[in-house]
Amino acid sequence: MFMKKLLLFLVCGMLWVSSLKAQQTQYMVFEFVKVEKDQLFDYIEFKDLMEKVYRQALNDKRIKGWDFWALQSGANQADFQYIMVTYYNDPVQMMNGLDEQSMIEYTKIAYPHLNSAQVSKLFQESLAMRDMPMRLYMREITETKDNFQMKPGVLASFDLMKAREGNFEAYEQAEAQTFKPIHQKRIEQGLMGHWSLLRTALPLGSEATSTHLTMNIYKDYMQFFNAQSYEDMNQTDAQREAVNEGLNSRDQKWVYLATLENVVR
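On a predicted model such as this, the values are computed, not experimentally measured, just so you know. (Residues numbered from 1 in each chain as written. Predicted model: local features only at pLDDT ≥ 70, side-chain atom pairs only at ≥ 80, totals over all residues. Heavy atoms only, no water.)

Attention now goes to the overall build of the protein chain. A count of helices and strands for the protein chain gives eight helices and eight strands. Relative to its full complement of 265 residues, the protein chain shows a buried share of 41%. Across the protein chain, contacts joining residues at least 24 apart in sequence account for 81% of those joining residues at least 6 apart. In the form shown here, the protein chain has an accessible surface area of approximately 15200 Å², with 53% of it arising from carbon and sulfur atoms. (Helix = DSSP H or I, 4+ residues; strand = E, 2+ residues; numbered from the N terminus. Buried < 20%, exposed > 50% of the residue type's maximum accessible area, 1.4 Å probe, protein only. Contact = heavy atoms within 4.5 Å. Areas by Shrake-Rupley, 256 points an atom, 1.4 Å probe, with all protein chains shown as cover.)

Below is the structure:
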């Protein structure tokens, strides 16, 4: 009897941990990075430095992951050419981020052959190379069920949305109940890798340029273009109406197409 109760307890515990993990909300910071044309070559070294620094931060459990994306198309590529995405487990970690001193300490660990003065010089020169004209603090609302692995070469469409005034809940409901199943079906058909909906994590006024962001991930350009040309001939009139209502609940402000160059998980 004791063994049965113990076994039942262990099974319930495993299910609870699994459920808790599945329900854990993910927080993300999107940093849009601008680099002057005469410094683009030097910036290649910077992003490799950042990968080593963020890997140390991951080992220290300060972050959950980090991506470095090269912009392929968007609003105005003169404004920025790269997007850095840092993943966190909670909003406090996200807002605290990584302070400069911590990043310098991680740089020392990543480059043990350099002394403190050399590390500080390397870090400051790297920071001077770029500007960040836009930073978004986001909270993940929902995502598809998949086992997609992020790796260099992956393609992403970052779609910035603004829910129409008074349609905030209607828009999120449309994404979760109408568009998410469409993306899930595409994933199951091999036309997509991953999809998620994010909402801004900070209070915004009516003049905010965007309120939400969707991440549409594809393994390569072939999958991306196949998905663009795909049309679901079995879609019912009711489903088409729901799609149109969802589209009318928001403005699609900008679509940024980017390729993943560096990743830390």
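Inspection of every chain in the model, using the stated rule, returns 11 aromatic pairs. Measuring from centroid to centroid gives 6.1 Å for Trp 66 and Phe 68, while their planes differ by 40°, and the two rings are tilted. Under the relative-accessibility criterion, Trp 66 is labelled buried at 0%. On the basis of relative accessible area, Phe 68 is assigned to the buried category, the value being 0%. Centre to centre, the rings of Phe 68 and Tyr 82 are 5.0 Å apart; their planes meet at 35°, and the pair counts as tilted. (Phe/Tyr/Trp six-rings, centres within 6.5 Å; stacked < 30°, edge-to-face > 60°.)

Turning our eyes to something else, we now look at the layout of surface pockets. In this structure, the second largest pocket spans a volume of roughly 780 Å³. Surrounding the second largest pocket, 34 residues form its lining, Phe 179, Ile 182, His 183, Arg 186 and Val 243 being those nearest its centre. Element by element, the count of residues in the lining of the second largest pocket is highest for helix H6 (residues 168–188), at nine residues. Split by residue class, the lining of the second largest pocket holds 16 nonpolar, 11 polar and seven charged. (1 Å grid on protein atoms, 1.4 Å probe; cavity = no way out; pocket = protein on both sides within 12 Å on 5 of 7 lines; lining within 4 Å. Points joined across faces, edges and corners; volume = space filled by probe spheres on them. Nonpolar A, V, L, I, M, F, W, Y, C, P; charged D, E, K, R; others polar.)

The next point concerns H6. Given a rise of 1.5 Å per residue, 21 residues ought to cover 30 Å, and the 29 Å separating the end C-alpha atoms of H6 matches this to within 8%. Where H6 bends most, the angle comes to about 40°, and this point is Phe 179, followed within four residues by the proline Pro 181. Within H6, the full set of buried residues consists of Tyr 171, Glu 172, Ala 174, Glu 175, Thr 178, Phe 179, His 183, Gln 184, Arg 186 and Ile 187. Gly 190 lies just past H6 and shows a positive phi near 75°. (Expected span 1.5 Å × (residues − 1). Bend = angle between axes of the 7 residues up to and from the residue.)

The strand order around the closed barrel built from eight strands is S1-S3-S2-S8-S5-S7-S6-S4, with neighbouring strands paired in antiparallel fashion. Ignoring which end each strand starts from, the neighbouring axes of this sheet average 35° apart. Direction of pairing for strand S5 (residues 155–163) relative to strand S8 (residues 250–264): antiparallel, over a ladder of nine bridges. Paired with Asp 159 across the bridge in S8 is Val 255. The strands touched by helix H2 (residues 40–59) are strand S1 (27–35), strand S2 (65–73), strand S3 (82–88), strand S4 (130–143) and S8; relative to S8, the strand with the most contacts, the crossing angle is about 80°. (Pairing = 2+ DSSP bridges. Axes fitted to C-alpha atoms, helices over the stretch in contact; angles between N-to-C directions.)

Moving on: the side chain of Gln 26. Positionally, Gln 26 belongs in the loop between helix H1 (2–23) and S1. For Gln 26, a relative accessible area of 15% puts it in the buried group. Reaching out from Gln 26, the side chain makes a polar contact with the side chain of Lys 64 at a distance of 3.3 Å. (Polar contact = N/O pair within 3.5 Å; in protein donor to acceptor, adjacent residues only side chain to side chain.)

Next up on the list: the packing of helix H4 (residues 100–110) against helix H5 (residues 116–128). At a minimum axis separation of 10 Å, H4 and H5 run at an interaxial angle of 120°. When the axes of H4 and H5 are compared, the pair comes out oblique. Considering how the two elements wind past one another, H4 and H5 form a crossing that is right-handed. Residues Glu 100, Met 103, Ile 104, Thr 107 and Lys 108 of H4 pack against Ser 116, Val 119, Leu 122, Phe 123, Gln 124 and Leu 127 of H5. Grouping the amino acids of the contact of H4 with H5 by side-chain chemistry returns six nonpolar, three polar and two charged. (Parallel < 35°, antiparallel > 145°, perpendicular 65-115°, else oblique. Left-handed = near helix turned anticlockwise from the far one by under 90°.)

Attention now moves to the pattern of salt bridges. Where charged atoms from two side chains of opposite charge approach closely, those side chains can pair. Under the definition given, this model contains nine salt bridges. Among the ionic pairs, Arg 62 bridges to Asp 99, the shortest N-O distance being 3.8 Å. Of this pair, Arg 62 sits in the loop between H2 and S2 while Asp 99 is found in the loop between helix H3 (91–96) and H4, placing the two residues 37 residues apart along the sequence. Residue classification places Arg 62 among the partly exposed positions, given a relative accessible area of 25%. Linking Lys 108 and Glu 105 is a salt bridge whose minimum nitrogen-to-oxygen distance equals 3.4 Å. Here Lys 108 pairs with Glu 105, and both are found in helix H4, just three residues apart, close to one helical turn. On the basis of relative accessible area, Lys 108 is assigned to the partly exposed category, the value being 27%. The partly exposed category is assigned to Glu 105, whose relative accessible area is 34%. Taken together, the shared-partner salt bridges in this structure form one network comprising Lys 47, Asp 48 and Glu 261. (Salt bridge = Lys/Arg side-chain N within 4 Å of Asp/Glu carboxyl O.)

Note that all results are geometric; they support no functional claim without further evidence.
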